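# Fold and contact review
The lines below spell out each chain.
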Amino acid sequence: MNQEIFEKNYTMSSLHKAIKVLKAFSKDEPSLSLTELSKKTGISISSLQRFVSTFVYEGFLHKDERTKRYQLGHSLLYLGNLVKEESSLIIVAEPILKKLNEEIGESVSMNIIDGLERRCILNYDSTYPLSTKMFVGDTSPLYAGASSKILLAFMPNVEEYVENISLKRITDKTILSKEQLLTELKDIHIQRFAKSNSERVRGACSVSAPILNASQQIIASVTLVIPEVRYSDYNENLLIETIQSVALEIEKQLY
């Protein structure tokens, strides 16, 4: 069967064009304007606007509102992990996080940005009878909880996200002020750690640190989750130092 017959009988034209948009990006051209995308794909500007708007909404593309240029989004990282379970991130992180889980006995997880949400891609449950459960694939808003806020603090379009998101009460400790949230995110970015208490799950305390690439862009977050009744048994500063050390160890092995 030749290519022409295959494309005529077995492919969807609109889907084929959408894939061409994603494939237009490369290592040499990681950022493209709408005009450049049109030239590379042969798709008209009017059609492209619909494609890229959908991709931005779903997290497959990111639009820089200042330059009006597009980049591949973080949702592709999650899909890449599904396609290739033995990704370098998973391979590197698994033994490190498993060791931390065994040493401290508390829940340890790794999370990424998936569209406008935090998604868990790796988790080791607490060995204690009383624990907060996390499951691979779980999602939550980016504005609540340490594992989410550390991702949001390093997201390139954080101000745009906060401006357009509707902050909904998850618990009585969920931040509902956008001004307060932005202030906290700036502090998190400077300190390179986030902590929370019952912001998303009542009675759950967590500390989280970022995993960054060589360009200091966020890849994932690593998090310790400890029930509030047991949290005071630990030295909080030591917990923060521990999770930061784990994140840096993963970074060093990746790069």
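Scope of this entry: the structure provided in the associated data block. Because the structure is a prediction, the values reported are computed rather than measured. Numbering of residues begins from 1 in every chain and follows the order in which that chain's sequence is written. In view of the model being predicted, local features appear only for residues whose pLDDT reaches at least 70, and side-chain atom pairs are presented and counted only at 80 or more, with totals across whole chains, interfaces and linings using the full set of residues. Processing note: side-chain calculations cover all non-hydrogen atoms of the structure and skip hydrogens and water entirely.

### Some details on helix α7 (residues 146-153)
- For every residue, the accessible area (1.4 Å probe, protein chains only) is compared with the maximum for its type, and the residue is labelled buried under 20%, exposed over 50%, or partly exposed between those bounds. Only DSSP runs of H or I with at least four residues qualify as helices, and only runs of E with at least two residues qualify as strands; both kinds are numbered from the N terminus onward. Along α7, eight of the eight residues are buried, which leaves the element largely enclosed by surrounding structure.
- What α7 keeps buried is the set Ala 146, Ser 147, Ser 148, Lys 149, Ile 150, Leu 151, Leu 152 and Ala 153.

### Points about the pairing of strand β8 (residues 218-227)
- The buried fraction of β8 is high, at ten of ten residues.
- In this structure, strand β3 (residues 107-114) lies alongside β8, joined through five bridges in antiparallel fashion. Across the sheet, Asn 111 pairs through a bridge with Ser 221, a residue of β8.
- Once strand β7 (residues 204-212) ends, the chain turns through five residues before running back antiparallel as β8, passing Gln 216 with a positive phi of about 65 degrees. In this description, strands pair whenever DSSP reports at least two bridges between them.

### A short note on the side chain of Arg 119
- Counting through the fold element by element, Arg 119 comes out in strand β4 (residues 117-124).
- Classification of Arg 119 as buried rests on a relative accessible area of 15%.
- Here Asp 114 takes part through its side chain, which lies 2.6 Å from a polar atom of the side chain of Arg 119. Polar contact is defined as a pair of N or O atoms within 3.5 Å, subject to the rule that within protein one atom must be able to donate a hydrogen and the other to accept it, and that residues adjacent in sequence are counted only when both atoms are side-chain atoms.

### Quick notes on the sheet that holds β3
- The six strands lie next to each other as β5-β4-β3-β8-β7-β6, forming an open sheet whose pairing is antiparallel. This sheet does not close on itself; its edge strands, each paired only once, are β5 (139-141) and β6 (194-197). Direction aside, the axes of adjacent strands within the sheet are offset by 30 degrees on average.
- The contact criterion used throughout is that any non-hydrogen atoms of two residues lie within 4.5 Å. The axes are straight lines fitted to the C-alpha atoms, using for helices just the contacting stretch, and the angles between their N-to-C directions are given from 0 to 180°. Relative to β7, helix α11 (residues 236-254) is tilted by about 30 degrees, and along the sheet it contacts β6, β7 and β8.

### Quick look at helix α6 (residues 88-104)
- Expected span, for any helix, means 1.5 Å times one less than how many residues it has. Here α6 contains 17 residues, and its C-alpha end-to-end distance of 25 Å stays within 8% of the 24 Å for a straight helix at 1.5 Å per residue.
- Maximum bend of α6: about 30 degrees, positioned at Glu 94, with proline Pro 95 one to four residues after it.
- Three or more residues of α6 are buried, namely Leu 89, Ile 90, Val 92, Ala 93, Ile 96, Leu 97, Leu 100, Asn 101 and Ile 104.
- One or two steps after α6, the chain reaches Gly 105, where phi turns positive at roughly 80 degrees. Bend, at a single residue, is the angle you get between axes fitted to the 7 residues ending at that residue and the 7 residues starting at it.

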